[in-house]
Every structure is written in C-alpha cells, then in structure tokens.
Amino acid sequence: MIITHIKKTYVIFICLKDVFGKNLPIYTFNNICEQDHSLTLGDEATKVIVNAEGSRDDLSENMRSFLDSLIEKKATKEQTEAITQPANKKSRLK
C-alpha cells in the first residue's frame, strides 16, 4: 500500500554536535521498512539532521557560513546576519 494523500513534508533538526558520529554535515532519512528495505511508505516525509560539527568539504559557502554562525554564536556573513536581526529589522533587509 502506498500513501498518496499526504503532502511532501520535511522535519529539520539543527544540531551543534554530531549525534551519529559519522562527520557528515547533513543526514537525510526517509521512511523505509526496517525488516525489508525495498518497502517504503511513499509518504514523502523526510527528516534532515544538520550537523554543525560535520565536514564542510562539499557544502556551499552560504551553508558553511550558516554552520559557522551556529558554532560561534554570532553572524559571520550578510546571509547569516539576517537570521539574528530582530523581527522588526528583518523586513528592511533584502
């Protein structure tokens, strides 16, 4: 049975530590049957775990900058500065 009435969803966890210990910057999981990996739910629900400590080799400059800001607890680039601005100032940023 394939579920078709559920819309594609993403659940994103942003972690400062590597919870799996594999040094990946991003872990992506989809719903599969643990007993038979050829069976999937087909619900298009994806869980993404962002690891701020992971390898940066294949990441864009923007993503590296974002992860740096998480670890350093301060914005380091214009892209990440917008995240830390109060809500009333964000509307002025483009």
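Scroll up for the structure.
Within every chain, residues take consecutive numbers counted from 1 along the sequence as written. For a predicted model such as this one, the threshold for reporting local features is a pLDDT of at least 70, and the threshold for listing and counting side-chain atom pairs is 80 or more; totals across whole chains, interfaces and linings nevertheless cover every residue. The side-chain numbers reported here are obtained from all heavy atoms of the structure, hydrogens and water having been left aside.

Draft legend 1. Spotlight on the pattern of salt bridges. By convention in these notes, a salt bridge is any Lys or Arg side-chain nitrogen within 4 Å of a carboxyl oxygen on Asp or Glu. Inspection of the entire model under this criterion finds four salt bridges. A salt bridge links Lys 8 to Glu 44; the nearest nitrogen and oxygen atoms lie 4.0 Å apart. Residue Lys 8 is located in the segment before strand 1 (9-15), and its partner Glu 44 is located in the loop between strand 2 (26-30) and strand 3 (45-51); the two are separated by 36 residues in the primary sequence. Residues Asp 68 and Arg 56 are paired through a salt bridge, measuring 2.5 Å at the closest nitrogen-oxygen approach. Residue Asp 68 is located in helix 1 (residues 61-72), and its partner Arg 56 is located in the loop between strand 3 and helix 1; the two are separated by twelve residues in the primary sequence. Partly exposed residues are those whose accessible area sits between 20% and 50% of the maximum for their type, while under 20% is buried and over 50% is exposed, using a 1.4 Å probe and protein chains only. The class for Asp 68 is partly exposed, based on a relative accessible area of 26%. Every helix listed is a DSSP run of H or I at least four residues long, and every strand listed is a run of E at least two residues long, numbered separately from the N terminus.

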